[in-house]
Amino acid sequence: MRRSTDIDALQQVLSAALGSHEPVCSLARLGRDAHAFAVLDPAVLERPTLVGGGSPYHPTSPAPAPHTLDELARRAEALDVPQILVPNVRRSEDTSALRAAGLVPLATESECVVRLPGEVDEVLRTRVGAGRLHDLRRHHHALSCDITWERIPLTELDGNPWAKDAFVELHRRRTERDGHDNLYNADALDALAHGALADRTEMLVRRSEKTVVQAGLITTSHNGRGLYYLTQATDHDDPAARHHLHVATLYELYRHARHSGLDWVHLGRGDAQGMRPLGADLFLPLDHWLRAPGLAAPAAEGAEQAVSEFAAPPVTGVPVPGPARFRQVPRFDTIDLSSNTSPFLGAAAEYPHLDTAELADTYLSTISTLPGHEGVDALSADHLLFTSGAVDGVMLLLAALASPGERVCVTPPTFPLYAHFAHLLRLPVVDVPLRGDDLSRLDTEAILAADPRVTILCDPNNPAGTRLDPEQVLDLVVRGRGLVVIDEAYVEFSEKPSYAGLVEEHGNLIVLRTLSKAWGLAAARCGIALAQPGIVEALRRVQVPFGFTNASQHAVRDRLTNSRPVLDGIRRIRAERDRMASVLAEHPAVDRVFPSETNFLFVRLHKHERVMEQLRDAGIVVADTGRAIPDTCRITIGDRHANTALLDALSSAV
């Protein structure tokens, strides 16, 4: 929760649960966090601890300001309590005051949020897959036939003693099963029902006939945009509650939230593996902060990320622009009065979210499992920048890392926009053509002799479709004084390794990726630049802050977390590519088919102009690359129907 008054209210609830005037207890009594505290000495676990600046309940809290920490220290001294705990602080918060006060971070679970940018079933179908959605709806329907759903405002709880009694009893049984103290006993519930959060809190009750089989609490966020799911306890002895009641309740809660015009549901703490199948799409790492006798203070945090030595001089003297400086601070549960946008026209009136660190981690963890991506698991969100397509990444790096007059080397045939952007930025372009029958050899010595500031390699090559000699590429990276940029737009279709895993080893290496090709998200306009953090910092200083839209972020996250269709599509494209290459190689209109490690084929034709005209007449568009390499075209691998139409049109051109 984002307001100090809300945190104070939850501290009063904790005090009531503990039966004390102050939220003081041993860490051992906070049994849910046994894993976080397992690294501590047993004596630390048993000492009295003042819980302040947050709560052990699900919602998170802002990192306390210095004056709040000073007050906590005074209270602890007055109470003769040797330890202070500030729980559930987002890692993205400014924690410098906590460190300065001698508190030590202890990593715990992440907070998990289900964001609902549209109709619930459509969101979940994209996010968890049609099969999982079918299961959720089936469980929800089956249980709804026997179990009713009721919402009781906490301000009306005194008039519903049966609900209060059932809530307390179910939570007592839950804590007995889990083996830790009950922080939702009758006194805690009374404190919540008569505290500052009562007007925004409801009790969820599910009954099978007259028996309560589940009871929980939800609280509307102070910005009115979402729900915190505080707690729930289920009667595991009741047959009606044994099968999937929790997930059925969550599905009902999502529908309720969306029907009420809310944008998100906060599920509390957990891990991505367990929460993603429930629809969660935002995971924010948390730490508990503890000050205890003998506990070593953490090392001081480093200063703001230093910009790379490769940055152009103007870039080193400017900060990251405007709101992008706060890119790692999520704002879904704040009231944003900083952006000068309309409050009356819905989500489209809001600027895109800038908190993409979790999405960056998701991308890296996803591609690290792909063949040929060894070493990617050593990269972090600091090594990654999302761009508006990989083409935008080219423009950014040329603007941020090269000054007018410094040379840019390209290796034709190659993607023409590299030279286009370089010319626009007054950067001389040096052409060093590819060599070899398959256009897979670099003239390394010629490139080194040109001493370029930036060399841009397209690998796999567009339009040739072939891969470069990896020994030559690495030789260029090691021996060159300038930056080497490798555009891997088509690397997922290749069976040879990516260079992404080498980014951490080489300070002058930048790898560009895209989700437009293999990942099927061309409309989302999402590119990725992978480089050492100092280079990423330089790119941020040039980048427009809000270029990565919310819709694109949702599409990217959903695709990355449901990658099976992508992998199936890659396999199908490879198979169809190889079939088409074999057929075209025997076609009388074709002189040569180049070997391809992409989703297209580079073809030299016998009668280039006639064939291109015939394809146009047949309503088939291919890329005419005759200006780059005479008599050639580039043919994208389509589905079987499109490919058959292409072959028919070629036959009529013979």
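Above this text sits the structure in question.
Reading the values: rules and limits
- Residues numbered from 1 in each chain as written.
- Predicted model: local features only at pLDDT ≥ 70, side-chain atom pairs only at ≥ 80, totals over all residues.
- Heavy atoms only, no water.
- Phe/Tyr/Trp six-rings, centres within 6.5 Å; stacked < 30°, edge-to-face > 60°.
- Helix = DSSP H or I, 4+ residues; strand = E, 2+ residues; numbered from the N terminus.
- Buried < 20%, exposed > 50% of the residue type's maximum accessible area, 1.4 Å probe, protein only.
- Lys NZ or Arg CZ within 6 Å of the ring centre and 35° of its normal.
- Axes fitted to C-alpha atoms, helices over the stretch in contact; angles between N-to-C directions.
- Parallel < 35°, antiparallel > 145°, perpendicular 65-115°, else oblique.
- Contact = heavy atoms within 4.5 Å.
- Nonpolar A, V, L, I, M, F, W, Y, C, P; charged D, E, K, R; others polar.
- Polar contact = N/O pair within 3.5 Å; in protein donor to acceptor, adjacent residues only side chain to side chain.
- Pairing = 2+ DSSP bridges.

**Student:** I'd like a description of the packing of aromatic side chains, backed by residues and values.
**Tutor:** Any aromatic ring pair is given by two values, namely how distant the centres are and how the planes are angled relative to each other. Taken as a whole and judged by the stated rule, the model has eight aromatic pairs. Taking the centre distance of 5.1 Å and the plane angle of 85° together, the rings of Y490 and F600 count as edge-to-face. Here F600 lies in strand β21 (residues 600–605) and Y490 lies in the loop between β17 (483–487) and β18 (509–514), a separation of 110 residues in the sequence. Looking at Y490, the relative accessible area reads 7%, which means it is buried. Among the aromatic residues, those joined into a cluster by ring pairs are Y228, W264 and F332. The ring of W162 carries R207 above its face, with NZ or CZ at 4.0 Å from the centroid. Of note, R592 hangs over the ring of F594, and the distance from its end group to the ring centre comes to 4.1 Å.

**Student:** Describe the packing of helix α7 (residues 130–144) against helix α11 (residues 245–259), and please don't skip the residues or the numbers.
**Tutor:** Interaxial distance between α7 and α11 falls to 8 Å at its minimum, and their mutual angle equals 95°. Our classification of the angle between α7 and α11 gives roughly perpendicular. The residues of α11 that touch α7, namely those facing R132, L133, L136, R137, H139, H140 and L143, are L245, V247, A248, Y251, E252 and R255. For the contact of α7 with α11, the class distribution of residues is seven nonpolar, two polar and four charged.

**Student:** Describe the environment of T126, with residues and values.
**Tutor:** With respect to the secondary-structure elements, T126 resides in helix α6 (residues 120–128). On the basis of relative accessibility, which here comes to 41%, the residue T126 falls in the partly exposed class. Here the alpha-carbon distance between T126 and R610, two residues 484 residues apart in the chain, equals 44 Å. In this structure T126 touches D558 and N562, once residues within four positions along its chain are discounted. Within the structure, T126 has its side chain in polar contact with the backbone oxygen of E122 (distance 3.1 Å).

**Student:** Could you give an account of the sheet that holds strand β12 (residues 286–291), with specific residues and numbers?
**Tutor:** Spatially, five strands are ordered β1-β2-β3-β12-β4 in an open sheet, and the strand pairing comes out mixed. The open sheet has two free edges, formed respectively by β1 (24–26) and β4 (104–107), since each of these has just one partner strand. Geometrically, the sheet is characterised by an average inter-axis angle of 35° between neighbouring strands, direction not taken into account. Across five bridges, strand β3 (residues 83–90) lies against β12 in antiparallel orientation. Residue pairing for β12: R90 is matched across the bridge by L286. Strands in contact with helix α4 (residues 66–78) are β2 (48–51), β3 and β12; relative to β3, the strand with the most contacts, it is inclined by about 150°.

**Student:** With reference to specific residues and values, describe the side chain of T366.
**Tutor:** Within the secondary structure, T366 is located in helix α14 (residues 357–367). Here T362 takes part through its backbone oxygen, which lies 2.7 Å from a polar atom of the side chain of T366. Not counting the four nearest positions on each side in its chain, T366 is found in contact with W519 and L560.

**Student:** I'd like a description of the environment of S260, backed by residues and values.
**Tutor:** The residue S260 is located in the loop between α11 and β10 (264–270) in this model. A polar contact of 2.9 Å, which involves the side chain of S260, links it to the backbone oxygen of H256.

**Student:** Please provide a residue-by-residue account of the sheet that holds strand β8 (residues 211–220), values included.
**Tutor:** Taken in spatial order, the seven strands of this open sheet run β6-β7-β8-β9-β10-β5-β11, and their pairing is mixed. With one partner strand each, in any of the chains shown, β6 (147–153) and β11 (282–284) form the two edges of the open sheet. Strand-to-strand, the axes of this sheet are offset by a mean angle of 25°, without reference to chain direction. Note: strand β5 (residues 110–115) against β11, three bridges, orientation antiparallel. By the bridge assignment, E111 is partnered in β11 with L284.

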